[in-house]
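Residues per chain are reported as follows:
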Amino acid sequence: MDTNPALSDTLRRILSDKRAEVQARMQEASQSEIERRARDADPVRPFMQDLCTAVADSRVGLIAEIKRASPSGGLIRDPFDPAEIAQAYEAAGAVCLSVLTDEPYFQGRPEHLQAARAATRLPVLRKDFMIHPWQVFEARAMGADAVLIIMAALTDEEASAIEDAARALDMSVLAEVHDEAELERALGLETRLIGVNNRDLRTLVTDVAVTERLAPLIPADRIPVAESGIRTADDVRRMAAAGARCLLVGEHLLRQPDVGAAVRTLIGAA
């Protein structure tokens, strides 16, 4: 069910399609089977801990994103080599990776996450629309170390169930919010990682002032992560001044010919 009447028609359609997709995949792999695959996966890498270390060391905790396309941006990068991109991100100073696995809207695939993770030592967030705990086990089975919870897309009970599944697998959780009401709900979860998405879900317009408004409201024991609309070193400094030294950046980096140079330019002067 939709929990936020302000959702864009695009997000409503994505969530509707995702429910049908997940139901179909659950018919292909039972709960016991997906749990077995999760148990057999490589050990979890410390996603949240690595971000905490970066912040403690006064570095930018960059979660560099890998995606081929998006509903708002269309095709972002072609040719698209997730392993090559991941290696360039790691060499340039990224702390973690985020990899899109949604295929209908982002042209993502589980293989993209697997290739990126195998090519680096970095922890990897599975970026997808998580609506059921089954997907968390699926994420771990494909090698993910963390998952995303979009508060606008879930009830409190659904969000808690997804978080519980992740914690049982020692995975990190990034809880994403867009406004004060969603932030209050996210603080009811146990995760320390609170993502502030600067993209308005109704208009799809981005404004980094959203993080400047919400980050100061996040308690000191949580870690703000600014998402979307971060394109310049000045944006990075603005986010840090607001209290968000962790960032999730993708499209801006991926549209540059040299993604490693783009990372260094973005975070080098922060």
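Our subject is the structure listed above.
These numbers come from a predicted model, not from an experiment.

Calculation rules
- Residues numbered from 1 in each chain as written.
- Predicted model: local features only at pLDDT ≥ 70, side-chain atom pairs only at ≥ 80, totals over all residues.
- Heavy atoms only, no water.
- Core = buried A, V, L, I, M, F, W, Y, C linked by side-chain atoms within 4.5 Å.
- Buried < 20%, exposed > 50% of the residue type's maximum accessible area, 1.4 Å probe, protein only.
- Contact = heavy atoms within 4.5 Å.
- Pairing = 2+ DSSP bridges.
- Helix = DSSP H or I, 4+ residues; strand = E, 2+ residues; numbered from the N terminus.
- Axes fitted to C-alpha atoms, helices over the stretch in contact; angles between N-to-C directions.
- 1 Å grid on protein atoms, 1.4 Å probe; cavity = no way out; pocket = protein on both sides within 12 Å on 5 of 7 lines; lining within 4 Å.
- Points joined across faces, edges and corners; volume = space filled by probe spheres on them.
- Nonpolar A, V, L, I, M, F, W, Y, C, P; charged D, E, K, R; others polar.
- Phe/Tyr/Trp six-rings, centres within 6.5 Å; stacked < 30°, edge-to-face > 60°.
- Arc of directions from axis to C-beta.
- Polar contact = N/O pair within 3.5 Å; in protein donor to acceptor, adjacent residues only side chain to side chain.
- Salt bridge = Lys/Arg side-chain N within 4 Å of Asp/Glu carboxyl O.

Draft legend 1. Spotlight on the nonpolar core. Membership of the largest hydrophobic core comes to 91 residues, with the highest contact counts inside it found for Leu-62, Tyr-89, Ile-230 and Leu-247. If near-sequence neighbours (up to four positions away) are discounted, Ile-230 is found in contact with Asn-198, Val-208, Asp-235, Val-236, Met-239, Leu-247, Val-249, His-252 and Leu-266.

Draft legend 2. Seen up close, the sheet that holds strand S9 (residues 223–227). Read once around its circumference, the closed barrel built from eight strands follows the order S1-S4-S5-S6-S7-S8-S9-S10, with strand pairing classed as parallel. Along the sheet, successive strands turn relative to each other by an average axial angle of 25°, direction set aside. Sheet topology places strand S7 (residues 172–177) next to strand S8 (residues 193–197); four bridges connect them, and they run parallel. The partner of Leu-174 across the bridge, within S8, is Leu-193. Against the sheet, helix H4 (residues 82–92) touches strand S1 (61–66) and strand S4 (96–100), its axis set at about 165° to S1.

Draft legend 3. Geometry of the layout of surface pockets. One number sums up the size of the largest pocket: a volume of about 710 Å³. Lining of the largest pocket is provided by 33 residues; of these, Lys-67, Phe-106, Asn-197, Arg-199 and Ser-228 occupy positions nearest its centre. Within the residue set of the lining of the largest pocket, elements represented by two or more residues are helix H1 (9–28), strand S6 (146–150), strand S10 (246–249) and helix H12 (251–254). No other element matches the three residues that H1 contributes to the lining of the largest pocket. In terms of residue class, the lining of the largest pocket is made up of 13 nonpolar, eleven polar and nine charged. What the second largest pocket holds in volume is close to 350 Å³.

Draft legend 4. Seen up close, unusual backbone geometry. For the peptide bond that leads from Asp-78 to Pro-79, omega is 5°, which places it in the cis range. Note that Pro-79 resides in the loop between strand S3 (74–75) and H4. Despite not being glycine, Ser-58 has its phi angle at roughly 60°, a positive value. The topology assignment puts Ser-58 in the loop between helix H3 (47–56) and S1. A relative accessible area of 56% places Ser-58 in the exposed class. Of note, the phi angle at Asp-170 is positive, near 65°, even though the residue is not glycine. Tracing the chain through its elements places Asp-170 in the loop between helix H8 (156–168) and S7. The exposure class of Asp-170 is exposed, given its relative accessible area of 63%.

Draft legend 5. Fine view of the packing of aromatic side chains. Going through the model one piece at a time under the given rule, you end up with one aromatic pair. A centroid spacing of 6.1 Å and a plane angle of 40° characterise the contact between Phe-106 and Phe-129, whose relative ring orientation is tilted. Of this pair, Phe-106 sits in helix H5 (residues 103–106) while Phe-129 sits in the loop between strand S5 (124–127) and helix H7 (133–141), and the two are 23 residues apart along the sequence. Note on Phe-106: relative accessible area 11%, which makes it buried.

Draft legend 6. Helix H13 (residues 259–268), seen in detail. Listing the buried residues of H13 in full gives Val-259, Gly-260, Ala-262, Val-263, Leu-266 and Ile-267. In an axial view of H13, the angular spread of the buried residues amounts to 155°, which keeps them on one side of the axis. Relative to its buried face, H13 has exposed residues pointing more than 90 degrees away, namely Thr-265 and Gly-268. The backbone nitrogen of Gly-260 has a side-chain oxygen 3.1 Å away, supplied by the residue at the start of H13, namely Asp-258.

Draft legend 7. Geometry of the pattern of salt bridges. In total, this model carries 24 salt bridges according to the counting rule given. Note that Glu-180 is salt-bridged to Arg-213, the shortest N-O span being 2.7 Å. Remark: Arg-213 occurs in helix H10 (residues 209–214) and Glu-180 occurs in helix H9 (residues 180–186); sequence separation between them is 33 residues. Given a relative accessible area of 40%, Arg-213 falls into the partly exposed group. When salt bridges that share partners are traced, they join Lys-18, Glu-21, Arg-25, Asp-102, Arg-126, Asp-128 and Glu-138 into one network.

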